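Examining the three-dimensional arrangement
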Amino acid sequence: MPTGDRRTCPGSRRSLVLPSGSRMRRGDDFAGAIRRGSRAGRPTLVAHFGMRVDSDDPPLVGFVVSRAVGGAVIRNRVKRQLRHLIRDRLHRLPRGSLLVVRANPPAASARSERIAAELDVALDRLLRRLEPPGARMDGR
């Protein structure tokens, strides 16, 4: 039987899971990001982004994977993929932010690389909206 914790990378202390303090659990947080936040859609996912008022708390991330995506096994696999991808991108989110990632039905059959690329595009689009006008120097 292996002696190492399966929740960390072998030979390192880096966690494989989304930190507990960054998991969205309250319905009010989900509703705030979805109703009052901005949205960026892609074929496999839709990202909703909002900010908490006067908060310096770590960013919160939640996931919505409906039955339209597939059965329980498929939905759980898609959620695990999304949690893994967000964990590596969590540093990009500003403090006090709320991010809800909703999987669309094509996510069930999409490769992880495609989901990652579409997540990056959606995050770039949402985070670009936070920048003041004229702040970008690269012409985008």
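Details of the structure are given in the entry above.
Now for a quick tour of the structure. (Residues numbered from 1 in each chain as written. Predicted model: local features only at pLDDT ≥ 70, side-chain atom pairs only at ≥ 80, totals over all residues. Heavy atoms only, no water.)

Observations regarding the overall build of the chain
Where we set the bar: Runs of H or I in DSSP of at least four residues are treated as helices and runs of E of at least two as strands, each being numbered from the N terminus. Burial classes follow relative accessibility: with a 1.4 Å probe on protein chains only, a residue under 20% of its type's maximum area counts as buried, one over 50% as exposed, and anything between as partly exposed. Contact definition: two residues touch when any of their heavy atoms are within 4.5 Å. Using the Shrake-Rupley algorithm and a 1.4 Å probe, accessible areas are obtained, with residue cover drawn only from the displayed protein chains.
Broken down by element type, the chain carries three helices and four strands. Secondary structure elements of the chain occur, N-terminal to C-terminal, as α-β-β-β-α-β-α. Sorting the 140 residues of the chain into buried and exposed places 39% on the buried side. Long-range contacts, defined here as pairs at least 24 residues apart, represent 77% of the contacts in the chain between residues at least 6 apart. Summed over all atoms, the accessible surface of the chain reaches about 8,700 Å², with 52% contributed by carbon and sulfur.

A look at the sheet that holds strand 3 (residues 60–64)
Hydrogen bonding along the main chain pairs the strands of a sheet, whether they run parallel or antiparallel. Going by this rule: Pairing between two strands is assigned when DSSP locates at least 2 bridges connecting them. Only C-alpha atoms enter the line fits that serve as axes; for helices the fit covers just the stretch in contact. Angles between N-to-C directions range over 0 to 180 degrees.
Read across the sheet, four strands follow the order 1-2-4-3 without closing on themselves; strand pairing throughout is mixed. Bordering the open sheet on either side are strand 1 (38–41) and strand 3, each of which pairs with just one other strand. Taken pair by pair, the neighbouring strands of this sheet meet at an average axis angle of 15 degrees, ignoring direction. Inspection of the sheet shows strand 2 (residues 45–51) paired to strand 4 (residues 97–103) by seven bridges, in the antiparallel sense. If you follow G50 over to strand 4, its bridge partner there is L98. Packed on one face of the sheet, helix 2 (residues 72–87) meets strand 2, strand 3 and strand 4 and runs near 145 degrees to strand 4. Seen against the sheet, helix 3 (residues 112–128) touches strand 1, strand 2 and strand 4 and runs at an angle of roughly 30 degrees to strand 2.

Notes on the environment of R111
Turning to its location among the elements, R111 is positioned in the loop between strand 4 and helix 3. In the structure, R111 is positioned 30 residues away from Q81 in sequence and 9.7 Å away in space, judged by C-alpha atoms.

Overview of the pairing of strand 2
Of all seven residues in strand 2, six are buried; the element is thus mostly enclosed. Bridge count for strand 1 against strand 2 is four bridges, and the pairing is antiparallel. Considered in strand 2, the bridge of G41 is made with V46. If you look at the hairpin formed by strand 1 and strand 2, you'll find three residues sitting between the two strands.

Let's talk about helix 2
Going by this rule: By definition here, a helix of n residues has an expected span of 1.5 Å times n minus one.
Between the first and last C-alpha of helix 2 there are 22 Å, a value that for 16 residues agrees with the 22 Å anticipated at 1.5 Å per step. Buried within helix 2 we find R75, V78, Q81, L82, L85, I86 and R87. Close packing links the buried residues of helix 2 with strand 2, strand 3, strand 4 and helix 3.

Details of helix 3
Helix length check: helix 3, at 17 residues, gives a terminal C-alpha distance of 24 Å against a target of 24 Å (1.5 Å per residue), a fit within 8%. In this structure, the buried residues of helix 3 make contact with strand 1, strand 2, helix 2 and strand 4.

Details of the pattern of salt bridges
So the rule is basically this: Here, a salt bridge means any Lys or Arg side-chain nitrogen found within 4 Å of an Asp or Glu carboxyl oxygen.
Using the criterion set out here, one finds ten salt bridges in the structure. D28 is the salt-bridge partner of R26, the closest N and O atoms lying 3.3 Å from each other. According to the relative accessible area criterion, R26 is partly exposed, its value standing at 48%. For D28, a relative accessible area of 53% translates into the label exposed. In this structure, R92 engages D124 in a salt bridge whose closest nitrogen and oxygen atoms are separated by 2.2 Å. One end of the pair, R92, is in the loop between helix 2 and strand 4; the other, D124, is in helix 3, with 32 residues separating them in the sequence. Beyond isolated ion pairs, a larger network of salt bridges with shared partners links R89, R92, D120 and D124.

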